[in-house]
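Report on the structure
What follows is the residue order along each chain.
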Amino acid sequence: MIDTAEFTEQLADIGPILGEAMIAETEDREAWQIVLEAAQITIEPDHDRDCLIFSSDLGSPPPDKSASFYAFALRVNNMWPFTGGIYLGLDALSEEITLFSVLPVSGLDSQRLAAMVVDFAERRVAWASAVAQGGPAEVGEMPEGTVEDASDPRTIIRG
């Protein structure tokens, strides 16, 4: 079970680690917003599943590429083991794409939380670019920086 007080303390601890990041609790006190290098990331504890849900809006694909991007997003969601648990959501009204990742809290400390935030922010940059371009040029291709490299030590932070 997520200890909210401990998690709040860890969020306060990562401020200096992240440098210029702005960290604030949402008005409803159900989640936290982190702004890191112009990327807004929401972290919401899921007490029932003992995990953190990271999310960030990515914008919308170009109108002429939206149908092909949505098909691409479905393929991406099916490849979650290769994307580090990343998946994409679509807001039906605004047609904006949201990046999500569900990360376990087992063994969470400030250093690990900071690494998770930085990793998600870096992946967000790659995915925001993919959305802006309307997805990859070729079917079956994945945008640069969106698929995990098994030799990358950051993959260890997943749990």
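Residues numbered from 1 in each chain as written. Predicted model: local features only at pLDDT ≥ 70, side-chain atom pairs only at ≥ 80, totals over all residues. Heavy atoms only, no water.

1. Regarding the nonpolar core
In a soluble, globular protein the nonpolar side chains are often hidden away together inside. If you look at the biggest cluster of nonpolar residues, it comprises 35 residues, and the most contacted ones within it are Phe-54 and Val-117. When contributions to this core are tallied by element, the ones reaching two or more residues are α1 (4-18), β2 (32-36), β3 (39-46), β4 (51-59), α2 (66-78), β5 (86-90), β6 (97-104) and α3 (110-133). Looking at this core element by element, the count peaks at 10 residues for α3. Ignoring anything within four residues of it in the chain, the contact list for Phe-54 reads Ile-41, Thr-42, Ile-43, Leu-99, Phe-100, Ser-101, Leu-103, Leu-113, Met-116, Val-117 and Phe-120. (Core = buried A, V, L, I, M, F, W, Y, C linked by side-chain atoms within 4.5 Å. Buried < 20%, exposed > 50% of the residue type's maximum accessible area, 1.4 Å probe, protein only. Helix = DSSP H or I, 4+ residues; strand = E, 2+ residues; numbered from the N terminus. Contact = heavy atoms within 4.5 Å.)

2. Some thoughts on α3
Residues spaced three or four apart along an α-helix face the same direction, because each turn holds 3.6 residues. Here α3 contains 24 residues, and its C-alpha end-to-end distance of 35 Å stays within 8% of the 34 Å for a straight helix at 1.5 Å per residue. Two to three positions downstream of the cap, the backbone nitrogen of Gln-111 sits 3.3 Å from a side-chain oxygen, assigning the N-cap of α3 to Asp-109. Gly-134 occupies a position one or two residues after α3 and carries a positive phi of about 85 degrees. (Expected span 1.5 Å × (residues − 1). Polar contact = N/O pair within 3.5 Å; in protein donor to acceptor, adjacent residues only side chain to side chain.)

3. Structural notes on unusual backbone geometry
The phi dihedral of Asp-50 is positive, around 55 degrees, even though this residue is not glycine. On the secondary structure map, Asp-50 appears in the loop between β3 and β4. Its identity as a non-glycine residue notwithstanding, Glu-95 has a phi of 65 degrees, on the positive side. Relative to the helices and strands, Glu-95 is located in the loop between β5 and β6.

4. Re the environment of Asp-91
Mapping Asp-91 onto the fold places it in the loop between β5 and β6. A residue is classified by how much of its surface remains accessible, and Asp-91, at 38% relative accessible area, is partly exposed. Each C-alpha atom, one on Asp-91 and one on Ser-60, is 9.7 Å from the other, the two residues being 31 residues apart in sequence. At a separation of 2.9 Å, a polar atom in the side chain of Asp-91 contacts the main-chain amide nitrogen of Leu-93.

5. Quick notes on the confidence of the model for the protein chain
In this model, the protein chain carries a mean pLDDT of 82, and residues with pLDDT of at least 70 account for 85%. Highest mean pLDDT in the protein chain belongs to β4 (94); lowest belongs to α1 (82). Note that pLDDT drops below 50 for residues 150-159; the model gives that stretch 18 contacts with residues more than four away or on any other chain. (pLDDT = per-residue confidence, 0-100.)

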